[in-house]
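Structural characterization, general
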Amino acid sequence: MKDFLKIHERDNVIVAIREIAAGETIALAAADEGQQRFVTAAETIPAGHKMAVQTIPAGGEVIKYGFRIGNAKEEIKAGAWVHVHNIKTALGDLLEYTYEPVPEKSRQAPAKQEFFNGFLRKDGSAGVRNEIWIVPTVGCVNSIAQEMAKRANAKIRGTVDEVIAFPHPYGCSQMGDDQEHTRTILADLIRHPNAGGVLVLGLGCENSNIGELKRYIGEYDEERVKFLVCQECEDEMEEGARLLDGLIDYAACFTREKISVSKLVIGMKCGGSDGFSGITANPLVGRFSDFMIDSGGTTILTEVPEMFGAETLLMNRCASKELFAQTVSLINDFKQYFKDNHQTIYENPSPGNKKGGISTLEDKSLGCTQKSGSAPVKGVLAYGERVSQAGLNLLSAPGNDLVASTALAASGAQIVLFTTGRGTPFASPVPTVKISSNSALAGRKKNWIDFNAGVLAEDALLDQTAKKLFDYVLSVASGEKVCSEKAGFHDMAIFKQGVTL
């Protein structure tokens, strides 16, 4: 097992893989004359945290991943612990950017075409689950939706996996873009291919009533989508049970069949990150993303505030100047959202992030964007916009775990990959694969973690581990349940903006 990792040759810090005790001497690399270069820890360096390998002057740049992650608040001696006490962000507000495209790396098509066993829908889309979804139009009917799902689950049959209600507190007392977001996300979920059947459950007097919502849904299969307005029937539970029985019958006719990976859309998200996330789990997902794209599939990267400080790496991989301009807007519009709400743009790392070794937003963002791999950016999506372009897409959504993961599902992801260094039990509307950045977490929380990327800190090879993750994702797409599904967890959250009436 490695003691530390120097990520890039330009770095003036290393990341401790294990705790480095005060007074312990670390051999960095052979010098030109064949002599070893050593650094002695001036204090204890926790695992996942940074140690300076050369003196950094006050105001000097702290370099990790080959890029600046902040400036030294004071002189930092070689061997010192580098963290929030002696480093500060160097980020500013709205910035101007210049398109400096990097040459696209030559890519090799996979030796064989990849497939999964999924459910082919009538519109040509593919689902990895055959569930019945109950989607409330307004929070007032949440309890009814949940009780309907509970009763209907006793009647599932055939290939139907489960009946799931997705409660939320919105659908009324909203205005402007805030209300538009709710309607768009609900319509996206109603169209999602993981749902073999959908019951849209309304109250009747809400702003986002069923009549209004139908304008956002567009054309739909009348056998697959049913509507119920509670105020318009005498017994909504009885009528709901009748409609759900019909939806179960309809969905049970679908069977799994061999489908090309080109039909798969995978969302990528991180949360509860630590100092290992950017060197194990996130690069692993990045290499997975490259594998997916080389196989004809699609990936979506989101959580825009965690691109701040690393955004130019994505901008310069845009496949066209138009996509570059859209990415500039993606970043600056989100920064403006912070400013409009009188919030600091760069105050992002959470207490858990800092405890795990992340010191600044740049530190977090450079680790976060590792999930994008090396493929060119082929699409930039607004919040709630459905993916239409194969390859790597960027999606406008916040960093909040539940909101961002729901946004990925709404944009068309059938599965979300969620990397974490701290651990979390949450789910999303689609299977949510938890990938631990360290083996200690994977061993301690077997009921949360689906895949361990911590082995990359223990000399496992990136390509081999990424292939294992790729194969595991295909097994999930073919029906294998992830931990949160086994626990019966299904969450969704909508991006709340604007006033509440």
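Note that the coordinates shown come from a computational prediction; the quantities given were computed from them, not determined experimentally.

1. What to know about the packing of aromatic side chains
This structure, assessed with the given rule, holds 15 aromatic pairs. Summarising the aromatic geometry, the rings of Phe288 and Phe470 are spaced 6.0 Å apart at their centres and angled 50 degrees between planes, so their arrangement reads as tilted. Of this pair, Phe288 sits in helix H5 (residues 281-294) while Phe470 sits in helix H12 (residues 462-477); the two residues are 182 residues apart in sequence, bridging distant segments of the chain. Phe470 sits in the buried class, given a relative accessible area of 2%. A centroid spacing of 6.3 Å and a plane angle of 50 degrees characterise the contact between Phe334 and Phe338, whose relative ring orientation is tilted. Here Phe338 and Phe334 lie together in helix H7 (residues 321-340), a separation of four residues that amounts to about one turn. Judged by relative accessible area, which is 5%, Phe334 ranks as buried. The rings of Phe308, Phe334, Tyr337, Phe338, Tyr383 and Phe495 are connected pair by pair, giving a single aromatic cluster. The ring of Phe254 carries the charged tip of Arg121 above its face, separated from the ring centre by 4.7 Å. Between Lys335 and the ring centre of Phe308, over which it is positioned, the NZ or CZ distance is 5.3 Å.

2. Concerning the nonpolar core
Note on soluble globular proteins: their nonpolar side chains tend to be buried together. Residues Phe308, Ile415, Leu417, Ile435 and Leu469 are the most contacted members of the largest nonpolar core, which totals 90 residues. For this core, the leading source of residues is H12, giving eight residues. Other than its neighbours up to four places away in sequence, Leu417 contacts Ile266, Gly267, Met268, Lys269, Val285, Phe288, Val433, Ile435, Leu469 and Val473. Judged by nonpolar contacts, the second largest core, of 22 residues, contains Ile132, Ala165, Leu243 and Leu247.

The rules behind each value
- Here the residue numbering is sequential within each chain, running from 1 through the sequence in written order.
- This being a predicted model, a pLDDT of at least 70 is required before a residue's local features are given, and a value of 80 or more before pairs of side-chain atoms are given or counted; all residues contribute to the totals for chains, interfaces and linings.
- Here the side-chain values reflect all heavy atoms present in the structure, with hydrogen atoms and water set aside.
- Working definition: rings of Phe, Tyr and Trp (its six-membered ring) pair if their centres are within 6.5 Å, and the pair is stacked with planes under 30 degrees apart, edge-to-face with planes over 60 apart, and tilted otherwise.
- Here a strand is any run of E in DSSP of at least two residues, a helix any run of H or I of at least four, and the numbering for each starts at the N terminus.
- Between buried and exposed lies partly exposed: a residue is buried under 20% and exposed over 50% of the maximum accessible area for its type, with that area taken using a 1.4 Å probe on protein chains only.
- Cation placement over rings: the criterion is NZ of Lys or CZ of Arg within 6 Å of the ring centroid and within 35° of the ring normal.
- Definition of nonpolar core: a set of buried residues of the types Ala, Val, Leu, Ile, Met, Phe, Trp, Tyr and Cys, connected through side-chain atoms within 4.5 Å.
- Only heavy atoms matter for contacts: two residues are in contact if any of them lie within 4.5 Å across the pair.

Geometric descriptors of this kind do not, in isolation, establish any biological role.
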